[in-house]
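# A look at the structure
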Amino acid sequence: MVEAIRAIRASGKAAVFYPFVLMEQVEGNGRPDPWSDAKDQLVMPWRGRITTSVAAGRKGSPQGTAVADAEVAAFFGAASVSDFAERDGRIVYSGPQEWGYRRFILHYAHLCRMAGGIDAFLIGSEMIGLTQIRGAQDYPAIAALRRLAAEVRSILGPGVKLGYAADWSEYFGHHSGGGEAVFHLDPLWGDENIDFVGIDNYMPLSDWREGESHLDAHWGDIHNVDYLRANVCGGEGFDWYYASDEHRLSQVPTPITDGQGEPWIWRYKDLKGWWSNWHYDRRPDGQRSADPTAWVPGSRPIWFTEYGCAALDKGTNQPNKFLDAMSSESMLPWFSDGRRDDAIQAACVEAVTSYWADPANNPAMKNGGRMVELSRAHVWAWDARPYPAFPARGDLWSDGPAWERGHWLNGRAGAVPLADVVRDICEGAGVAAFDVSGLHGAMRGYAVSGPESGRAALQPLMLAHGFDAVERDGVLRFVMRDGRVDAVLAEDELAVAEEVGGFEITRAPAAEMVGRVRLSHVETGADYGARTAEAALPDGQILSVSDSDMPMVLTPGEGHAIASRWLVEAKVAQEAARFALPPSRADLGPGDGVRLADGAGAGDRWRIDRVERAGATLVEAVRVEPGVYRPAPYVTGELRGKAHVPAGPVWPVFLDLPLMRGTEVPHAPWLAVTGTPWPGAVRAWVSVEEDGGWQPNVILPSRAVMGVTLGPLLAARPGVMDRGPALRLRVKGGNLRSVTRNALLAGGNVMAIGDGSPGNWELMQFSEAKLVAPGEWEISGRLRGQAGTDALMPAQWPAGSVVVLMDGAPRQVDLDPDARGQLRHWRIGPSSQSPDDESYRARSLVAAGAGLRPLSPCHLSVRDREVTWVRRTRTGGDGWDAPEVPLGEAYERYVIRLVRGTSELHREEVSRPAWTIPESVWTRAAQGGGFVIEVAQLSEIHGPGPSVRRNIHV
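Here is what the cut-offs are and how they apply
Residues numbered from 1 in each chain as written. Predicted model: local features only at pLDDT ≥ 70, side-chain atom pairs only at ≥ 80, totals over all residues. Heavy atoms only, no water. Helix = DSSP H or I, 4+ residues; strand = E, 2+ residues; numbered from the N terminus. Rg over C-alpha atoms; globule rule 2.2 N^0.38 Å. Buried < 20%, exposed > 50% of the residue type's maximum accessible area, 1.4 Å probe, protein only. Contact = heavy atoms within 4.5 Å. Areas by Shrake-Rupley, 256 points an atom, 1.4 Å probe, with all protein chains shown as cover. Lys, Arg positive; Asp, Glu negative; His and termini not counted. Charge placed at Lys NZ, Arg CZ, Asp CG, Glu CD. Phe/Tyr/Trp six-rings, centres within 6.5 Å; stacked < 30°, edge-to-face > 60°. Lys NZ or Arg CZ within 6 Å of the ring centre and 35° of its normal. Expected span 1.5 Å × (residues − 1). Polar contact = N/O pair within 3.5 Å; in protein donor to acceptor, adjacent residues only side chain to side chain. Pairing = 2+ DSSP bridges. Axes fitted to C-alpha atoms, helices over the stretch in contact; angles between N-to-C directions. Parallel < 35°, antiparallel > 145°, perpendicular 65-115°, else oblique. Nonpolar A, V, L, I, M, F, W, Y, C, P; charged D, E, K, R; others polar. Core = buried A, V, L, I, M, F, W, Y, C linked by side-chain atoms within 4.5 Å.

A tally of helices and strands in the protein yields 16 helices and 49 strands. The C-alpha radius of gyration computed for the protein amounts to 41 Å, which surpasses the reference 30 Å derived for 954 residues by more than 25%, pointing to a less compact arrangement than a globule. Counting only C-alpha atoms and orienting by the principal axes, one finds that the protein spans roughly 135 × 95 × 55 Å. In the protein, which comprises 954 residues, the proportion classed as buried is 49%. Excluding contacts between residues fewer than 6 apart, the proportion of contacts in the protein whose partners are at least 24 apart in sequence is 65%. With the model as given, the accessible surface of the protein reaches about 44800 Å², and the carbon-plus-sulfur share is 51%. Across the protein, the centroid of the 97 positively charged side chains sits 8 Å from that of the 121 negatively charged ones.

So, on to the packing of aromatic side chains. A complete count under the given rule lists 35 aromatic pairs for this structure. Ring centres 5.3 Å apart and planes at 70° place the aromatic pair tyrosine 171 and tryptophan 274 in the edge-to-face group. Of this pair, tyrosine 171 sits in the loop between strand E5 (161-167) and strand E6 (174-177) while tryptophan 274 sits in helix H9 (residues 271-276), and the two are 103 residues apart along the sequence. Relative to phenylalanine 478, the ring of phenylalanine 467 has its centre 6.0 Å away and its plane inclined at 70°; by these criteria the two rings are edge-to-face. Here phenylalanine 467 is found in strand E15 (residues 467-472), whereas its partner phenylalanine 478 is found in strand E16 (residues 475-480), with 11 residues between them in sequence. Of the two residues, phenylalanine 467 and phenylalanine 478, both sit in the buried class. Each residue in the set Phe17, Phe75, Phe76, Tyr101, Phe104, Tyr108 and Phe121 is aromatic and connected to the rest through ring pairs, giving one cluster. Here the guanidinium or amino end of arginine 103 rests over the ring plane of tryptophan 99, the centre of that ring lying 3.7 Å away.

Before going further, it helps to examine helix H10 (residues 342-357). The terminal C-alpha atoms of H10 lie 23 Å apart, and with 16 residues this matches the ideal 22 Å at 1.5 Å per residue to within 8%. Of the residues flanking the start of H10, the one acting as N-cap is aspartate 341, its side-chain oxygen 3.1 Å from the backbone nitrogen of alanine 343.

What follows covers the environment of aspartate 818. Mapped onto the fold, aspartate 818 is located in the loop between strand E39 (811-812) and strand E40 (823-830). Sequence separation between aspartate 818 and histidine 667 is 151 residues, and the spatial gap between their C-alpha atoms is 9.3 Å.

All right, on to the sheet that holds strand E29 (residues 695-700) then. In space, the four strands of this open sheet follow the order E29-E28-E40-E41, with antiparallel pairing throughout. Among the strands making up the open sheet, the edge pair consists of E29 and strand E41 (841-846). Each adjacent strand pair in this sheet contributes to an overall mean axis angle of 30°, direction not counted.

We now examine the packing of helix H13 (residues 454-465) against helix H14 (residues 556-572). Relative orientation of the contacting elements H13 and H14 amounts to 85°, with a least axis distance of 8 Å. Relative to H14, the element H13 is oriented roughly perpendicular. Contacts between H13 and H14 involve Leu463, Ala464 and His465 from the former and Ile562, Arg565 and Trp566 from the latter. For the contact of H13 with H14, a count of residues per class yields four nonpolar, one polar and one charged.

Side chains of a nonpolar character, in soluble globular proteins, are inclined to be buried together. Counting 88 residues, the largest nonpolar core has Phe121, Trp189, Leu271, Trp274, Phe304 and Trp356 as its most contacted members. By residue number, the principal contributor to this core is helix H5 (residues 140-156), which donates nine residues. Beyond its immediate chain neighbours, meaning those up to four positions away, tryptophan 274 contacts Tyr171, Phe172, Phe183, Asp186, Trp189, Val197, Trp264, His279 and Trp295. Listed in part, the 29 residues of the second largest apolar core include Ile425, Leu461, Met480 and Trp566.

Here the focus is the pairing of strand E34 (residues 750-754). For E34, the tally of buried residues reaches five of five residues, placing the bulk of the element in the interior. With burial as the criterion, each face of E34 is covered, one bearing Val750, Ala752 and Gly754 and the other bearing Met751 and Ile753. As paired strands, E34 and strand E35 (residues 761-773) are joined by five bridges and run antiparallel to one another. Residue pairing in the sheet places alanine 752 in a bridge with leucine 763 of E35. Connecting E34 to the antiparallel partner E35 that follows it, the hairpin turn spans six residues, and glycine 756 within it adopts a positive phi of roughly 95°. As paired strands, E34 and strand E38 (residues 802-805) are joined by four bridges and run antiparallel to one another. By the bridge assignment for E38, methionine 751 is matched with leucine 805.

Remember that the coordinates give geometry; whether it matters functionally is a separate question.
Take a look at the structure:
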């Protein structure tokens, strides 16, 4: 925590320390519930339920007695400031051995001081059940909080802002019923050590229900920011309240009034009234106290220590409600269907923020600033855990499922309002007169490829979000499709025209009906992989299938909702209508919804798609239903996510190898890399300089199977199955496997063994692999010296030799042919990091281009000074049809050397696989004793390859 505070301060941010009481009662806790007769307390309840042993209003409650004072004192405990000390970078406690609330707060205050200080500190939050406890004289918890504030001030000093975060239903007073209203928190709000009034602001911003008959339906949609903004200081909790749940269900509001000219004392939304007036308590009979409370009007700013709502259908009806299967407080807002809705969360934040940002709504303070200090408004909640690891990593965090429809901003804050995206497209297309106020929705990502027209860029958005563009009075207006009725027409209102008489309905043939829709999109929160949503007609009859690709980032629920809407909308829109309207109904145009009161099509709803004005207005319309545009609840299932792989170092090995299949780039060396953990992909960077100038090179998407030998490997005859003792290896990066004889002879299980340097490798194959210990294998049935590497086979590969499985994971690097033989510097590491990252490993390499190297000749024979041999080839040597293997070089040339020790006795170049040693050369060589004849094939690019040798004894 100390590190976090210091890091926040170092970044230039101001931090508020918010000690949060989490209630961890589990199921079957055996604790008596003060609020009911239940044997157990609720599972993981809200801290606002902390109260006396028996809650007020229940039989046996100690409320109003000295017992309540004692219970509050026991909750707070007896810890004092002097009981804490800083020692060796830790806070140590030496007071009474108890775990009271005072110890909790004072401990954190000392930690904040040890961290170098904090900008603001809360001494508590949302403990409404505690603060409303009445003792023998007053509210004992308020007195305890005031004492605590003074002690925290003594620890943190005068520069730290102190406050308490009251629940939105708590901050303005205790209303226990009847005419009583007690401003019970005012002694705290007026305390000299309190700098601000903290409110966790979850006041309702809507009273929305489905359908078109409820009282707020004229606003059009719950996502309408104007509607929500009007309810910040209006509607429920300001103008009226529901006297009972029955009144709420039937929408019977009761106006908020007061016979003494102070209706604001009953309005929890009336921040201005509460903040700007003197407070006078009311007794149970409604009698107003003669003296005001400790609150001085306008003396302290209001901080929204929390605000926002869950990303949940109708979340603004009850912004404090959320879904969490682990908590008994889990509950849907009023009239919610439980569907995820990110757009309502964004609209809620926009409405509250924009309302209080208007100076007309936010009074000025005498000493500067405003009543609601927006710079101290905190949207709940941004989680310190990284998205999308949280919420997807259920193996690490158990509360991940609550994220999807919870208050979290992680994974949602980057979304952009649909209206803003449409506005940008219109402005980019040069459209000046347009109106996007009728749009709602959130966009997480949308790709516009190439120089598309404005129409082309808008069309996928219109299809996905279900809105139309209509021209009205010279303005291009964007309106959501909702199936609502803008006008009801009587049959006798219709005009008569030559082209149409009455109300004509046509129905599209069933053969044209789409029966299944598949929508491919990019999935958010799952590494942005592709996902396909599918919807089909419930009758199972698939007449045709429609496949669409959307260059759009969507949740699985949104993709499914779009596919379902397309399908149902197309089915409903099978019916089209034509009719004529008189000039008196020129107010109707494309996008409007109409319903016929009588006659053909009576009761059905129709959306006008096209009008033609020539005398009578000719109208073409399609049938619509409001239910089509209400997304159905969708169960997403488990969130998908990969574990974070740290960018750690890897083990790179360069291999300059001969051609194995003949299709390789002959001059380019191979790069094999492994590591645990594997960073997902590895990139190699190359430079001619050691300290800079890095250029990206090859990417290795998968790790190689690499390791070391645990015992020696003796030389064996090449081209013949080596049935010697099994070779034991320790490998990482994957597993080995056995192969059949046919697979072996077809080139399977190729492994390089060497000392780790780029040019010293033997290629071998093995047919059997046996796991003998974790990460340790034994391989047998080996074919040694493959691809001409028999010439490089030593008498023994010692224990600790490097092995690399050539199974496709190693890749050849990109190297220009003229770079062969030149020094290049390499850096190899996680592709997600830059080459100067500490996770990268440096290597230097001079590549000889072993793929260009001729193979050593074979079958060297010396008879009576006649030396003969058989040529081998680098490429195409496996065929048996030709009389001889392909040359593989521009010309056929060999170099022959007669050597003794390190001295060269004679050297000759010939153009065919035979040479007669001149007698003089033979005699001169034989005079010194035994010598060696070496024959190597020459390449015009590489030079001589490895030699075949024959000892001559004289």
